[in-house]
Amino acid sequence: MAGLSSGLRRLYLSVYNWTVFAGWAQVLFLALKTLKESGHVAVYDAVERPLQLAQTAAVMEILHGLTGLVRSPVSATLPQIGSRLYVTWAILWSFPETRTHFLVSSLVISWSITEIIRYSFFGLKEALGFAPSWLLWLRYSTFMILYPTGITSEVGLIYIALPYIKASEKYCIRLPNKLNFSFDYFYAAIATLGIYVPGIPHMYTYMLGQRKKALAKSKRE
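Predicted, not measured: the structure shown is a model, and the values here were computed from it.

Asker: Explain the pattern of salt bridges here, please?
Answerer: A side chain with one charge may pair with a side chain of the opposite charge, provided their charged atoms come close. Inspection of the entire model under this criterion finds seven salt bridges. Measuring nitrogen to oxygen at the nearest pair gives 2.7 Å for the salt bridge that ties Arg118 to Glu115. Placement of the pair is Arg118 and Glu115 together in helix α5 (residues 102-128), with a separation of three residues, close to one helical turn. Residue class for Arg118 comes out buried when judged on its relative accessible area of 16%. Across the salt bridge formed by Glu169 and Arg174, the nearest N and O atoms sit 3.2 Å from each other. Accessibility expressed as a relative area gives 41% for Glu169, which makes it partly exposed. Arg174 sits in the partly exposed class, given a relative accessible area of 38%.

What follows is the structure, encoded as structure tokens:
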């Protein structure tokens, strides 16, 4: 029974990883193709739906961690996925004025390369029980460039959205109301930017630690 359960778990995770891998591969292909043919202003429109689907699918990784399906700590997974979902839905989808900025291209390319490597790595590990050493190295090394470019793009797009958030008052709740509660999305977005300040060095240091452990383990095997 335990063997059957383990086999079903590996099958599910393999299908999940390769499905999301295909989504991110589509995002990267469309982004590069559009960037070449039409320039950065058209990239978002080209990748919008596959980007939303691929990024939102990452919510499952939080559930995987909470249920013990994978060993990844939710404390590390949640901030990364949360910040990406925030930019995907609460910034890019909510405020079209941000979509033509060149930072969208750097964001999408950074995210997609990162995820293509990550999902193929875990997809192979679940399907075959191992991943080649070169893919292991990419998995734990490319973040040193792609994390700074991706996170800079995230922060930049939130900052760019601020005047549009303030002018539109979208998602704001004003008094008076039955709940006697108010919410200003403009200040919430500023607070979100503030969270990035301690969050960026913390996550980068965490990933450096994970890299050291993973590469040291691979040398011993």
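Asker: Mind showing me how you'd approach a nonpolar patch on the surface here?
Answerer: Together, Trp93, Tyr171, Ile173, Leu179, Phe181 and Phe183 make up a nonpolar patch on the protein surface, roughly 610 Å² of accessible area in all. Position of Phe183 relative to the elements: it lies in the loop between α7 (143-168) and α8 (185-220).

Asker: Teacher, can you tell me more about the side chain of Ser153 here?
Answerer: One can find Ser153 in helix α7. By relative accessible area, which is 2% here, Ser153 ends up buried.

Asker: How should unusual backbone geometry be read in this particular structure?
Answerer: Backbone geometry follows two general trends: most residues other than glycine have a negative phi, and most peptide bonds adopt the trans configuration. Across the junction of Leu175 and Pro176, the peptide omega takes the value 0 degrees, indicating a cis bond. Along the chain, Pro176 turns up in the loop between α7 and α8. Its identity is not glycine, yet Glu169 carries a phi of approximately 55 degrees, on the positive side. Assignment of secondary structure puts Glu169 in the loop between α7 and α8. Positive phi values are uncommon outside glycine, yet Asn180 reaches one of about 55 degrees. Following the sequence through the fold, Asn180 ends up in the loop between α7 and α8. Look at Asn180 and you get exposed, because its relative accessible area is 64%.

Asker: Is there a simple way to explain a positive patch on the surface in this structure?
Answerer: On the surface, a cluster of positive charge is contributed by Arg71, Lys125, Lys217 and Arg220. Exposure remark for Arg220: the relative accessible area of 66% places this residue in the exposed category.

Asker: Please clarify how α7 should be interpreted in this entry.
Answerer: Think of an α-helix as turning once every 3.6 residues; residues three or four places apart then point the same way. Compared with an ideal rise of 1.5 Å per residue, which puts 26 residues at 38 Å, α7 spans 35 Å between its outermost C-alpha atoms and is within 8% of the ideal. Along α7, the largest kink reaches about 35 degrees and is centred on Leu162; proline Pro163 follows within four residues of it. Glu169 sits one or two residues past α7 and shows a positive phi near 55 degrees.

Asker: Help me understand the UniProt feature "transmembrane region" (unreviewed entry) in the protein chain in this model?
Answerer: Here the UniProt feature "transmembrane region" (unreviewed entry) sits at residues 12-32, 102-124, 145-165 and 185-209. Across residues 102-124, the secondary structure splits into 100% helix and 0% strand, with the terminal C-alpha atoms separated by 34 Å.

Asker: Looking at this model, I keep getting lost on the packing of aromatic side chains. Mind explaining?
Answerer: Each aromatic ring pair is characterised by the separation of its centres together with the angle its planes make. In the structure shown here, the tally under the stated rule is 12 aromatic pairs. Here the aromatic rings of Tyr86 and Tyr185 are separated by 6.4 Å at their centres, their planes lie at 65 degrees, and the arrangement is edge-to-face. Here Tyr185 lies in helix α8 and Tyr86 lies in helix α4 (residues 74-93), a separation of 99 residues in the sequence. Note on Phe186 and Tyr187: the rings are 5.2 Å apart at their centroids and 75 degrees apart in plane angle, and the pair reads as edge-to-face.

What counts, and at which threshold
Residues numbered from 1 in each chain as written. Predicted model: local features only at pLDDT ≥ 70, side-chain atom pairs only at ≥ 80, totals over all residues. Heavy atoms only, no water. Salt bridge = Lys/Arg side-chain N within 4 Å of Asp/Glu carboxyl O. Helix = DSSP H or I, 4+ residues; strand = E, 2+ residues; numbered from the N terminus. Buried < 20%, exposed > 50% of the residue type's maximum accessible area, 1.4 Å probe, protein only. Patch = residues over 30% accessible without salt bridge, like charges linked within 9 Å, V, L, I, M, F, W, Y side chains within 5 Å. Areas by Shrake-Rupley, 256 points an atom, 1.4 Å probe, with all protein chains shown as cover. Lys, Arg positive; Asp, Glu negative; His and termini not counted. Charge placed at Lys NZ, Arg CZ, Asp CG, Glu CD. Expected span 1.5 Å × (residues − 1). Bend = angle between axes of the 7 residues up to and from the residue. UniProt positions renumbered as here; feature names shortened; annotations may be inferred. Phe/Tyr/Trp six-rings, centres within 6.5 Å; stacked < 30°, edge-to-face > 60°.

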